[in-house]
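Spelled out, the chains give:
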Amino acid sequence: CEGLARELSSRIPRKAVPVDPRLQEIHFGEWEGQFWSDLEKDETGYFWRWTVNWKTERPPRALAESAADLEARVRDWFSEYTSEVDGAVLIRHAGPIRVLRQIADPSITWDDAMARKVPHLRPIYLELCRDG
């Protein structure tokens, strides 16, 4: 996402492109970059346990995060959100977009967010408002 953001900003005169690690995609630990079909062959059963508890369970190894960890990071970013970023363009992966959808509409649960598609390389418009 960072490379795409920098390329786009070089074509449109704007301020610098800030990079905030709190908006990065979820980290899957040792599962990072693997195909789900390969993970399904896990003979230890860890993958299957994770599929049941994916909201709070972390994949194996260091840096791995749960959906709750991702949500906490993105919500932390949003807690510092100010009107200076109104109209900003965020170039993000599906995980942070799903959390942002939950922030934009608190009635959306993780299950709802996962059921809604995040189209690849397509704009998604969200109105992020803070109470008060």
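In case you missed it, the structure is sitting above this.
Residues numbered from 1 in each chain as written. Predicted model: local features only at pLDDT ≥ 70, side-chain atom pairs only at ≥ 80, totals over all residues. Heavy atoms only, no water.

A.B. asks: Any chance you could explain the overall build of the protein chain here in plain terms?
C.D. replies: Of the regular secondary structure elements, the protein chain holds 6 helices and 0 strands. Ordered by position from N to C terminus, the α and β elements of the protein chain give α-α-α-α-α-α. Counting over 132 residues, the protein chain shows a buried share of 31%. Of all intrachain contacts in the protein chain linking residues separated by at least 6 positions in sequence, the fraction that spans at least 24 positions is 57%. Accessible area of the protein chain: about 9400 Å², with a carbon and sulfur share of 53%. (Helix = DSSP H or I, 4+ residues; strand = E, 2+ residues; numbered from the N terminus. Buried < 20%, exposed > 50% of the residue type's maximum accessible area, 1.4 Å probe, protein only. Contact = heavy atoms within 4.5 Å. Areas by Shrake-Rupley, 256 points an atom, 1.4 Å probe, with all protein chains shown as cover.)

A.B. asks: Just checking my understanding: could you explain the environment of Arg73 for this structure?
C.D. replies: Looking at the secondary structure, you find Arg73 in helix H4 (residues 67–79). In contact with Arg73, other than residues within four places in its own chain, are Pro21, Arg22, Leu23, Gln24, Glu25, Ile26 and Glu65. For Arg73, the side chain forms a polar contact with the side chain of Glu65, separated by 2.7 Å. (Polar contact = N/O pair within 3.5 Å; in protein donor to acceptor, adjacent residues only side chain to side chain.)

A.B. asks: I'm lost on the side chain of Arg73 in this one. Help?
C.D. replies: Judged by its relative accessible area of 17%, Arg73 is buried. In this structure the side chain of Arg73 is engaged in a polar contact, spanning 3.4 Å, whose partner is the backbone oxygen of Glu25.

A.B. asks: Would you mind going over the nonpolar core with me for this structure?
C.D. replies: One recurring pattern in soluble globular proteins: nonpolar side chains tend to sit buried together. Core analysis: the biggest nonpolar cluster contains 21 residues, and Val74, Trp77, Ile103, Trp110 and Leu128 have the highest contact counts within it. Per-element accounting of this core gives the leading share, 5 residues, to H4. Sequence-distant contacts of Ile103, defined by excluding residues within four places in its chain, comprise Val74, Arg75, Phe78 and Leu128. (Core = buried A, V, L, I, M, F, W, Y, C linked by side-chain atoms within 4.5 Å.)

A.B. asks: Looking at this structure, how should I read the side chain of Arg22?
C.D. replies: If you trace the backbone, Arg22 turns up in the loop between helix H1 (2–11) and helix H2 (36–39). Within the structure, the side chain of Arg22 is placed 2.7 Å from the side chain of Asp20, a separation counted as a polar contact. Residues within four places of Arg22 in sequence aside, it is in contact with Arg73, Val74, Asp76, Trp77 and Glu80.

A.B. asks: Just checking my understanding: could you explain the packing of aromatic side chains for this structure?
C.D. replies: Two measures describe an aromatic ring pair: the distance that separates the ring centres and the angle between the ring planes. Under the defined criterion, the tally for this structure stands at 11 aromatic pairs. A ring pair is formed by Phe28 and Trp36, whose centres lie 5.7 Å apart and whose planes are at 90°; its orientation type is edge-to-face. Of the residues examined, Phe28 reaches a relative accessible area of 18% and is grouped as buried. Using a relative accessible area of 42% as the deciding quantity, one classes Trp36 as partly exposed. Ring plane angle 85° and centroid distance 5.8 Å describe the contact between Trp54 and Trp110, whose orientation is recorded as edge-to-face. With a gap of 56 residues between them, Trp54 in the loop between helix H3 (46–52) and H4 and Trp110 in helix H6 (residues 110–115) connect regions that are remote in the sequence. (Phe/Tyr/Trp six-rings, centres within 6.5 Å; stacked < 30°, edge-to-face > 60°.)

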